[in-house]
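Geometric and topological summary
Listed below, chain by chain, are the residues.
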Amino acid sequence: KARSANMPKENINRAIEKGQGKGEGVNIEHVVYEGFAPGGVALIVEATTDNRLRTTSEVRNLIEKNGGTIATPGAVSYQFEQKGLITATKDGKTLEDIFLIAADGGAEDIEEVGDEVLIYTKPEELAKVRDNLQALGIKIIDAELTRKPMSEVRIEDKEVAKRLLSFIEKLEGLDDVQKVYANFDIEDKLLNG
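Figured I'd write up the structure that's included with this text. Because the structure is a prediction, the values reported are computed rather than measured.

**Notes on the packing of aromatic side chains**
- Taken as a whole, this structure holds zero aromatic pairs when the rule is applied.
- Stacked on the ring of Y120, the Lys or Arg K148 has its end atom at 4.1 Å from the ring centre.

**Some remarks on the pattern of salt bridges**
- Following the criterion strictly, the structure yields 15 salt bridges and no others.
- The closest approach of N and O atoms between R54 and D50, which form a salt bridge, is 3.2 Å.
- Given a relative accessible area of 31%, R54 falls into the partly exposed group.
- What makes D50 partly exposed here is its relative accessible area of 23%.

**Considering the sheet that holds strand β5 (residues 109-113)**
- If you trace the four strands from one edge of the open sheet to the other, you get β5-β6-β4-β7, paired in antiparallel fashion. Each of the sheet's edge strands pairs with one partner strand only, and the pair in question is β5 and β7 (139-149). Across this sheet, the average inter-strand angle for adjacent strands is 25 degrees, counted without regard to direction.
- With five bridges joining them, β5 and strand β6 (residues 116-121) adopt antiparallel strand pairing. Bridge pairing in β6 places E111 opposite L118.
- Across the sheet, helix α3 (residues 95-104) lies against β4 (80-89), β5 and β6, angled at about 155 degrees from β5, the strand it touches most.
- In this fold helix α4 (residues 126-135) packs onto β4, β6 and β7, with an angle of close to 145 degrees to the strand it touches most, β7.

**Some words on the nonpolar core**
- Core analysis: the largest hydrophobic core is formed by 23 residues, its most contacted members being L43, V59, F167, L171 and F184.
- Looking at this core, the elements that each hand over two or more residues are β1 (29-37), β2 (41-49), α2 (52-65), α5 (158-173), β9 (177-182) and β10 (184-186).

**A closer look at the pairing of β9**
- For β9, a buried count of six out of six residues is recorded, marking the element as mostly surrounded by other parts of the structure.
- With five bridges connecting them, β2 and β9 associate as antiparallel partners. Across the sheet, residue I44 finds its bridge partner in β9, namely Y181.

**Observations regarding the packing of α2 against α5**
- Packing of α2 against α5 brings their axes to within 10 Å, and their N-to-C directions diverge by 170 degrees. Taken together, α2 and α5 sit at an angle that is classed as roughly antiparallel. Residue-level contacts link V59, L62 and I63 of α2 to F167, K170 and L171 of α5.
- For the contact of α2 with α5, the residue count by class is five nonpolar, no polar and one charged.

Reading the values: the criteria
Residues numbered from 1 in each chain as written. Predicted model: local features only at pLDDT ≥ 70, side-chain atom pairs only at ≥ 80, totals over all residues. Heavy atoms only, no water. Phe/Tyr/Trp six-rings, centres within 6.5 Å; stacked < 30°, edge-to-face > 60°. Lys NZ or Arg CZ within 6 Å of the ring centre and 35° of its normal. Salt bridge = Lys/Arg side-chain N within 4 Å of Asp/Glu carboxyl O. Buried < 20%, exposed > 50% of the residue type's maximum accessible area, 1.4 Å probe, protein only. Pairing = 2+ DSSP bridges. Helix = DSSP H or I, 4+ residues; strand = E, 2+ residues; numbered from the N terminus. Axes fitted to C-alpha atoms, helices over the stretch in contact; angles between N-to-C directions. Contact = heavy atoms within 4.5 Å. Core = buried A, V, L, I, M, F, W, Y, C linked by side-chain atoms within 4.5 Å. Parallel < 35°, antiparallel > 145°, perpendicular 65-115°, else oblique. Nonpolar A, V, L, I, M, F, W, Y, C, P; charged D, E, K, R; others polar.

Below is the structure:
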């Protein structure tokens, strides 16, 4: 499925310190990089940095060393849609139960992932839908803005899948990177086999 990275705790603390002027630099900016991974997989990398040149160099080098390319702004972003994303537990409910509750609560779409359910909203309605769902008895794990791919590149080769996941992990591991979005879908049998 499409991936979004969770920010490691040390990155959060560093970003908070920078934002409060306690870190090494005080001029913090949000930077978005677009590019392609091998196989035509579209990438969007969001970073927060006090040194745009350093971060750009790190992201570009990592993408190019792994067989990808950096793209000009706008070349990839049109393939993703900005959405609100609420992650909830099933908590003994069926997917159908949650679907009906989510629809009543103002959600646009839902997707099942193991014991969790991903509930999508319009970006501007994220907080309202989250509050509605909580009031309707849904146990919320997280609520955030995300970029949902409008179409996906299907990965059917196990080696390609492993390289792609390793590549995404390396991007997520860069200090300034907050989130990585990609439009690939790996068959479950490749992950579990």
